Amino acid sequence: TPVVRLRGIRKSFNVGEPNETEVLHGVDLVVRRGEFVAVMGPSGSGKSTLLNIVGLLDRPTAGSLEITGRETTGLDEAELTRLRGHTIGFVFQYHHLINAFSAVENVMMPMLGAGGVGREDMARRASDLIARVGLAPWADQPAGRLSGGQQQRVAVARGLAMEPALLLADEPTGNLDTKSADVVFELLRTVSREQGTSVLFVTHNPELARRCDRIVQVVDGRIAPEAPHPSAR
Ligand code: ADP
Ligand code: ADP
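Thresholds, definitions, all that
- Residues numbered from 1 in each chain as written.
- Chains lettered and ligands numbered in written order.
- Predicted model: local features only at pLDDT ≥ 70, side-chain atom pairs only at ≥ 80, totals over all residues.
- Heavy atoms only, no water.
- Salt bridge = Lys/Arg side-chain N within 4 Å of Asp/Glu carboxyl O.
- Helix = DSSP H or I, 4+ residues; strand = E, 2+ residues; numbered from the N terminus.
- Buried < 20%, exposed > 50% of the residue type's maximum accessible area, 1.4 Å probe, protein only.
- Pairing = 2+ DSSP bridges.
- Contact = heavy atoms within 4.5 Å.
- Axes fitted to C-alpha atoms, helices over the stretch in contact; angles between N-to-C directions.

- An unreviewed UniProt entry lists the chain under the name ABC transporter ATP-binding protein, from Ramlibacter cellulosilyticus.

Put into structure tokens, the structure is as follows:
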């Protein structure tokens, strides 16, 4: 079973109003287990809209969206929230960390939301993740005092905290310098591979995209036919 399967996904904003616009015009996409997929395309082409739909944060206007084999379009808000919490992790361009909380505490946040695990276990798992992204010496520092690259590494650890089947990463390296972007990207790749997590990675950086398993191009609300991977040429 693929982790994600989209069939004929359409999305319109301002439905029924004079300024109604269709932004996604029938997107088909399959993401297999453990696949690391780059999502590229011009600004305004619909990448964020697509990620919001796959992340169950916004609903499509038409089409089918299966997450780990389960059709989601008929689910109510509570069911979507539950499925999202257990299945999907997020990393954004702006990390949205809680500055006054330590690195470890920020990674614990999604675990506290999901419940079911004791606080000791959560702290141990969060510390382990912080170590895996190379931040052990800063584990108890307030997130607000870390560098931009370090903060984004905390955000990666937090996104992977629940060992999600799918991680959605919307330009997570977008406002980092080349060296920090490289470190964050490689950590994302290594830790997601270790966990078997599939990743949709939105980027404008062709150098990073080339290192992904596959590149998906979004152009004017559609997915362009895929070119063979550079390594296959
Ligand atoms: P990208 O992420 O590729 O830059 P977006 O998905 O953010 O593209 O936007 C695609 C198009 O949808 C743009 O024209 C944008 O203005 C429009 N759009 C996005 N969100 C909304 C919204 N909530 N209401 C109306 N239009 C929107
Ligand atoms: P991106 O980084 O994808 O280009 P934007 O800056 O275009 O993001 O959009 C940021 C947020 O604003 C998104 O949540 C998007 O849904 C919303 N948005 C974008 N365009 C519009 C619009 N025309 N009307 C209302 N909301 C919009």
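## Focus on the pattern of salt bridges
Side-chain pairs of opposite charge can arise whenever the charged atoms involved come near each other.
Next up, step 1: Taken as a whole and assessed by the stated rule, the structure comprises 15 salt bridges.
Next up, step 2: Residue Arg214 pairs with Glu35 through a salt bridge whose shortest N-O separation is 2.9 Å. Of this pair, Arg214 sits in strand E9 (residues 214-219) while Glu35 sits in the loop between strand E2 (21-31) and strand E3 (36-40); the two residues are 179 residues apart in sequence, bridging distant segments of the chain.
Next up, step 3: When its relative accessible area of 12% is taken as the criterion, Glu35 is described as buried.
Next up, step 4: Residues Arg189 and Glu186 are paired through a salt bridge, measuring 3.4 Å at the closest nitrogen-oxygen approach. Here Glu186 and Arg189 lie together in helix H6 (residues 178-195), a separation of three residues that amounts to about one turn.
Next up, step 5: Taken together, the salt bridges that share partners define one network made up of Asp182, Glu186, Arg189, Glu207, Arg210 and Arg211.

## Quick notes on the sheet that holds E3
Next up, step 1: One open sheet holds the six strands; their spatial order is E6-E7-E8-E3-E9-E10, and the pairing between them is mixed. Every other strand in the sheet has two partners, leaving strand E6 (88-91) and strand E10 (222-223) as the edge strands with one partner each.
Next up, step 2: Sitting on the sheet, helix H1 (residues 47-54) is in contact with E3, E6, strand E7 (166-170), strand E8 (198-202) and E9, with an inclination near 155° to E7.
Next up, step 3: Its contacts with the sheet put helix H2 (residues 77-87) on E6 and E7, and the angle it makes with E6 is roughly 75°.

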